[in-house]
Amino acid sequence: MTTTTDRPAPSDPADRGSSAFTARVGLGKVFAPVPSEFLLIASTALILTIFGLVMVLSATMATSGAGGPFDTAIKQSVFAVVGVPLMFVLSRLPMLFWKRISWIALIGALFLQLLVFTPLGFADGGNRNWIMIAGNQLQPSEFLKLAFALWLAYVLYRKQTLLGDWRHVFIPVVPVAIIVIGSVVAGKDLGTAMILVLILLAALFFSGVRLRIFVIPLVLAVGAVAFLAITSPDRMRRIMSFMNPDCLADYYGDCYQPLHGIWGLASGGVFGLGLGNSREKYAWLPAASHDYIFAIVGEELGLIGCVVVLAMFTLFAIGAFHVIRKTHDPFIRIAAGAVTVWIVGQALINIGVVLRVFPVLGVPLPFMSQGGTSLMSVLLACGALLAFARTLPTSAPGAAPARR
C-alpha cells in the first residue's frame, strides 16, 4: 500500500501579488510624507530636550548628592528616553482618540492633583504640589495642564454653534475651571495656577467666542490673580522685592535669588564662560537646574546660547501656530492654541523671571528645567500637537490629506 504525503498546494500568484500590495500599502502609510509643521515641531522639541539634558547635567554636577555627579542627569534622561518615543507614538493616534480621552484625562489628572492633600502629598518651598509614589516624586499639576487643554477644546468644540450665548460658554467651562485652578491654588502654587488661567483664556480665544463674552473671564482671571497675590504675605513680599529699585539692600532676603540670576547672565557675556564653567551653580544660585536654568545657559554659553534657546521656542511657536491657522477642525484649533500658549507662554514667563522682568513665580522652563513630570507632560503635549499636524495636507505632489 502506497501512502502519499500531503504537500501544500502552490500559492496562487494573484494571492502573492495581493499580499505584496498590502505590505507596500502598510509601509507607505508608515513612511508617508508629513507636513512641514510636523517636522518643525518635532525637531525643535527634540533639540530643546537634548539641550535641556546637557544643561541639567552641567548645572547639577557640582551639587549632586551621594548618587554621584551624574545622578540627577541620569534620572532626567530616563524621563526623556520614555517621553520622546511616547511623543511619536501619540502623534499617530487619530483625532477620535483625543476627543474621547478628554473627559477621562481631566478626571484622572484632577484625581492625582487632589492626592497632594492626602498623606501622599508633601510641600516644598511653601507649595504643597507634589506627591510621592513608590519612592518617585511627581507633580500632578503638570499633567493637569494638558488634560485641561484637551477638555476645554472638546467642550467648546461640541458647543461651537452655541457659543454666541454666554450661558453655553460659562457652563460647564467656568465651574470646572474653578475646580481645576482652585485645586492648584489650594496648594499655594500661584505660578501653575497662572498657566492654567492662560490655557483657559487661550481656549476661549481660539474657540471664537465674541469679544464681549471673552472679556468677562479675562477680567475675572486678572482679578483672581490680583486677589491671591494681595492676600498672601509671602507673595506680596516677593512682588514688593521685585519692585524695589535698590535690591542690593535686601541681598540676604527676597532679592538673593533674582540678583544671582542676573549676575549669572551678566558674567556670561557674549560667548559665555564655557560649558560646565558656571560659578553660580556652586550653591550660589538657588534652583539653578530648575526655575533658573536659563541663567546657567547665559553664564556658560553667553548671549549666543540664550539666543539659540529663544530661536528654538520661536520656531516651535511658528510650527504650532501654522497648525492652528491651517486646520479646519475646531477641536484641533482650540486644543493646539491652548497647548501652544501654555508651552510658549510658560517659557516667556520663566525667562522673564530670570531677567527680573517678572517677580519670582516658580514655573519651569519647558523641555529644559530639571523635573521629570514637567518634561513628560510637555512631551505628551507635543505628541498631541504632532497628531494635529498630521491632519494637515502635505506639500508632496498628489498626496491626499490625512484622514481625521
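Computed from a prediction, not measured in an experiment: that's the story for all the values here. (Residues numbered from 1 in each chain as written. Predicted model: local features only at pLDDT ≥ 70, side-chain atom pairs only at ≥ 80, totals over all residues. Heavy atoms only, no water.)

This paragraph deals with the overall build of the chain. Looking only at helices and strands, the chain features 14 helices and 3 strands. If you take every contact in the chain between residues at least 6 apart in sequence, the share linking residues at least 24 apart comes to 71%. Summing over all exposed atoms, the chain offers an accessible surface of approximately 19500 Å²; the carbon and sulfur share of this is 70%. (Helix = DSSP H or I, 4+ residues; strand = E, 2+ residues; numbered from the N terminus. Contact = heavy atoms within 4.5 Å. Areas by Shrake-Rupley, 256 points an atom, 1.4 Å probe, with all protein chains shown as cover.)

Looking now at a nonpolar patch on the surface. Together, Val 270, Phe 271, Leu 303, Ile 304, Val 307 and Val 308 line one region of the surface with nonpolar side chains, adding up to about 560 Å² of accessible area. Within the secondary structure layout, Leu 303 lies in helix H12 (residues 293-326). (Patch = residues over 30% accessible without salt bridge, like charges linked within 9 Å, V, L, I, M, F, W, Y side chains within 5 Å. Salt bridge = Lys/Arg side-chain N within 4 Å of Asp/Glu carboxyl O.)

The next subject is the sheet that holds strand S2 (residues 127-133). Strand order in the open sheet formed by 3 strands is S1-S2-S3, with antiparallel pairing between adjacent strands. Since the sheet does not close on itself, it has two edges, and those belong to strand S1 (121-124) and strand S3 (136-138), each with one partner. Across this sheet, the average inter-strand angle for adjacent strands is 40°, counted without regard to direction. Bridge count for S2 against S3 is 3 bridges, and the pairing is antiparallel. (Pairing = 2+ DSSP bridges. Axes fitted to C-alpha atoms, helices over the stretch in contact; angles between N-to-C directions.)

A few words now on the nonpolar core. Trp 98, Phe 148, Ile 199, Trp 342, Phe 367, Met 368 and Phe 388 are the most contacted members of the largest nonpolar core, which totals 108 residues. Here the element with the most residues in this core is helix H13 (residues 330-354); it accounts for 15 residues. When near neighbours in sequence (up to four residues on either side) are disregarded, Phe 148 contacts Leu 106, Ala 177, Val 180, Leu 196, Ile 199 and Leu 200. (Core = buried A, V, L, I, M, F, W, Y, C linked by side-chain atoms within 4.5 Å. Buried < 20%, exposed > 50% of the residue type's maximum accessible area, 1.4 Å probe, protein only.)

Our focus in this paragraph is the pairing of S2. Taken together, the 4 bridges between S1 and S2 define a ladder with antiparallel strand orientation. Within S2, the residue paired with Phe 122 across the bridge is Trp 130. Once S2 ends, the chain turns through 2 residues before running back antiparallel as S3, passing Ala 134 with a positive phi of about 55°.

Interhelical geometry of helix H4 (residues 95-114) versus helix H7 (residues 173-185) gives an angle of 30° and a closest axis separation of 9 Å. Accordingly, the angle class assigned to the pair H4 and H7 is roughly parallel. Regarding H4 and H7, the two cross each other, and that crossing is left-handed. Only Val 176, Ile 179, Val 180, Ser 183 and Val 184 of H7 make contact with H4, whose side of the interface consists of Leu 106, Leu 110, Gln 113 and Leu 114. Taken together, the residues of the contact of H4 with H7 break down into 7 nonpolar, 2 polar and no charged. (Parallel < 35°, antiparallel > 145°, perpendicular 65-115°, else oblique. Left-handed = near helix turned anticlockwise from the far one by under 90°. Nonpolar A, V, L, I, M, F, W, Y, C, P; charged D, E, K, R; others polar.)

For the rest of this paragraph, the subject is the pattern of salt bridges. Counted according to the given criterion, the structure contains 6 salt bridges. The salt bridge involving Glu 37 is made with Lys 326; its shortest N-O contact spans 2.6 Å. With Glu 37 in helix H2 (residues 36-60) and Lys 326 in helix H12, the pair connects residues that are 289 residues apart, well separated along the chain. Take Lys 326: its relative accessible area is 35%, and that puts it in the partly exposed class.

Now for the confidence of the model for the chain. Summary statistics for the chain give a mean pLDDT of 86 and a share of 89% for residues scoring 70 or more. Across residues 20-28, where pLDDT falls below 50, the model places 0 contacts with residues more than four positions away in sequence or in other chains. (pLDDT = per-residue confidence, 0-100.)

Attention shifts here to unusual backbone geometry. For the peptide bond that leads from Ile 171 to Pro 172, omega is 5°, which places it in the cis range. Structurally, the position occupied by Pro 172 is in the loop between helix H6 (166-170) and H7. Phi at Lys 188 is positive, roughly 65°, even though this residue is not glycine. Structurally, Lys 188 is set in the loop between H7 and helix H8 (190-207).

Looking at the secondary structure, you find Ser 102 in helix H4. A polar atom in the side chain of Ser 102 sits 2.9 Å from the backbone oxygen of Lys 99. Beyond its immediate sequence surroundings of up to four residues, Ser 102 is in contact with Ala 147, Leu 150, Trp 151 and Tyr 154. (Polar contact = N/O pair within 3.5 Å; in protein donor to acceptor, adjacent residues only side chain to side chain.)

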